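# An overview of the molecular structure
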Amino acid sequence: MQIVKTSEALSQALAKQTAIVFVPTMGNLHAGHIQLVELAKTKNAYVVVSIFVNPLQFGANEDLSKYPRTLEADLAKLEGAGADIVFTPSEQEIYPDFDASTNNTHQSFSINLPSIANELCGAVRPGHFSGVATVVLKLFNLVFFNGAQTKIAIFGKKDFQQLFIIRAMVKQLNLPIEIIASETKREDDGLAMSSRNGYLTPAQKLEAPRLYSTLGLLVDAVKQGNTDFATLEAQTTQFLTQLGWIVDYISIRSSQTLLPATQSDSKLVVLGAARQGTTRLIDNIEFSLKS
Ligand code: PAF
């Protein structure tokens, strides 16, 4: 496995590759990330993984400085999973005008995102998806610039809204890249794997799976014919709040448009974001109604 830090070294390493499959990450890798790499390995292509904690997608009061950085352990896991090359750029490599003393990217060009980027997680984390889309586009440029014929990128479904926005970006900006989604990897108790789970205290870790189980109850209610979505969302929010969660949102949406679900939608997703103490967890369940 090769490790490269600069765009130039990446360019040289990929020059002759005709099929590339790319897994972007922010490191602190867990079994969910390794599942993405394993999926990449099935694509008969050169497997590129990036590790880059992207300052542009963190808000001023978020966890950029304490975000776990575990490069040595990450590289060992990627070697074990069979990645071909790992790109670990510096902030300056991705943001040429980056100011390390203030963590300011000075990124003044940005992608105009659809309004859905300001809902759900985007409502609580203003600018987050603009930061994600910007870095993903930059990484796509750097990884796929060599004109490989097969260009695939893999993202996890846990970040459902992120996946939705990246798919829309690829479609609307005519990027010749296939986006593949990987199922959410869960702990035995149902908790979606996330780098942020490491922040949970033992007591919070015991409570954390309730987000997923509660979304499951919501799915059951809708499948049983309850289409009073607003009431279901409010009741679920109240239920979690009474148990000590700080709920950012619980929402039933069309999985096709990510707009609030209507009676005529049959492909749905329930999404939730809620905090245990200061740790913010997200999860979702996609499902279909029989017509
Ligand atoms: O999902 C993530 O880890 C990040 O948002 C991504 C896609 C690597 C962009 O920084």
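Data block above holds the structure.
Residues numbered from 1 in each chain as written. Predicted model: local features only at pLDDT ≥ 70, side-chain atom pairs only at ≥ 80, totals over all residues. Heavy atoms only, no water.

Attention shifts here to the site of the ligand. Every residue lining the ligand is accounted for by Pro 24, Thr 25, Met 26, Asn 54, Gln 57, Val 135, Phe 155 and Gln 162. Within the side chain of Gln 57, a nitrogen or oxygen atom sits 2.6 Å from an oxygen atom of the ligand. At 2.7 Å from an oxygen atom of the ligand is found a side-chain nitrogen or oxygen belonging to Gln 162. In terms of residue class, the shell around the ligand is made up of four nonpolar, four polar and no charged. (Near = heavy atom within 4 Å. Polar contact = N/O pair within 3.5 Å; in protein donor to acceptor, adjacent residues only side chain to side chain. Nonpolar A, V, L, I, M, F, W, Y, C, P; charged D, E, K, R; others polar.)

Counting through the fold element by element, Arg 125 comes out in the loop between helix H5 (121–124) and helix H6 (128–144). Judged by relative accessible area, which is 11%, Arg 125 ranks as buried. A distance of 3.5 Å separates the side chain of Arg 125 from the backbone oxygen of Gln 57, its partner in a polar contact. Reaching out from Arg 125, the side chain makes a polar contact with the side chain of Glu 62 at a distance of 2.6 Å. Once residues lying within four places of it in the same chain are set aside, the contact partners of Arg 125 are Gln 57, Glu 62, Arg 196 and Arg 280. (Helix = DSSP H or I, 4+ residues; strand = E, 2+ residues; numbered from the N terminus. Buried < 20%, exposed > 50% of the residue type's maximum accessible area, 1.4 Å probe, protein only. Contact = heavy atoms within 4.5 Å.)

Further remarks concern the pattern of salt bridges. One pass over the structure, following the stated rule, counts nine salt bridges. A salt bridge links Arg 196 to Asp 63; the shortest N-O distance between them is 3.0 Å. Of the two residues, Arg 196 sits in the loop between strand S6 (178–182) and helix H8 (202–207) while Asp 63 sits in the loop between strand S3 (46–51) and helix H3 (71–81), which places them 133 residues apart along the sequence. Taking the relative accessible area as the measure of exposure, Arg 196 reaches 18% and is therefore buried. Each of Lys 157, Glu 183 and Glu 286 takes part in a single network of salt bridges with overlapping partners. (Salt bridge = Lys/Arg side-chain N within 4 Å of Asp/Glu carboxyl O.)

Applying the stated rule across the entire model yields six aromatic pairs. Note on Phe 22 and Phe 144: the rings are 6.2 Å apart at their centroids and 85 degrees apart in plane angle, and the pair reads as edge-to-face. With Phe 22 in strand S2 (residues 19–25) and Phe 144 in helix H6, this residue pair connects regions lying 122 residues apart in the sequence. Each member of the pair, Phe 22 as well as Phe 144, carries the same accessibility label: buried. (Phe/Tyr/Trp six-rings, centres within 6.5 Å; stacked < 30°, edge-to-face > 60°.)

A probe matching the size of a water molecule, rolled over the atoms, marks out where space remains unfilled. Within this model, the second largest pocket holds a volume of roughly 220 Å³. In terms of lining residues, the second largest pocket is bounded by 15 residues, among which Ile 51, Phe 52, Val 53, Arg 69 and Leu 71 are the most central. In the lining of the second largest pocket, the residues fall into seven nonpolar, four polar and four charged. (1 Å grid on protein atoms, 1.4 Å probe; cavity = no way out; pocket = protein on both sides within 12 Å on 5 of 7 lines; lining within 4 Å. Points joined across faces, edges and corners; volume = space filled by probe spheres on them.)

It is worth spelling out the side chain of Lys 158 at this point. Tracing the backbone shows Lys 158 in the loop between strand S5 (150–156) and helix H7 (160–172). Look past the residues within four positions of Lys 158 in its chain and what remains in contact with it is Thr 184, Ala 192, Met 193, Ser 194, Ile 282 and Asn 284.

Once that is clear, we can look at the environment of Lys 16. Tracing the backbone through its elements, the reader meets Lys 16 in the loop between helix H1 (7–14) and S2. Sequence spacing of Lys 16 and Gln 107 is 91 residues, and the spatial spacing of their C-alpha atoms is 31 Å.

In this section: helix H2 (residues 31–41). All buried positions along H2 are accounted for by Gly 32, His 33, Ile 34, Leu 36, Val 37 and Ala 40. Against S2, S3, H3, S5 and S6 lie the buried residues of H2.

Alignment of S5 against S6, held across five bridges, turns out to be parallel. If you follow Ile 154 over to S6, its bridge partner there is Ile 180. Tracing the backbone out of S5, into H7 and back to the parallel element S6 gives a crossover that is right-handed. (Pairing = 2+ DSSP bridges. Right-handed = clockwise from strand over helix to strand, strands pointing away.)

This brings us to the sheet that holds S3. Strand order in this open sheet of six strands is S1-S4-S3-S2-S5-S6, and the pairing throughout is parallel. The outermost strands of the open sheet, each flanked by one partner alone, are strand S1 (2–4) and S6. Neighbour to neighbour, the strand axes of the sheet diverge by 25 degrees on average, direction disregarded. Bridge analysis of S3 against strand S4 (residues 85–87) gives three bridges, and the strand direction is parallel. Directly across from Val 48, in S4, lies its bridge partner Ile 85. (Axes fitted to C-alpha atoms, helices over the stretch in contact; angles between N-to-C directions.)

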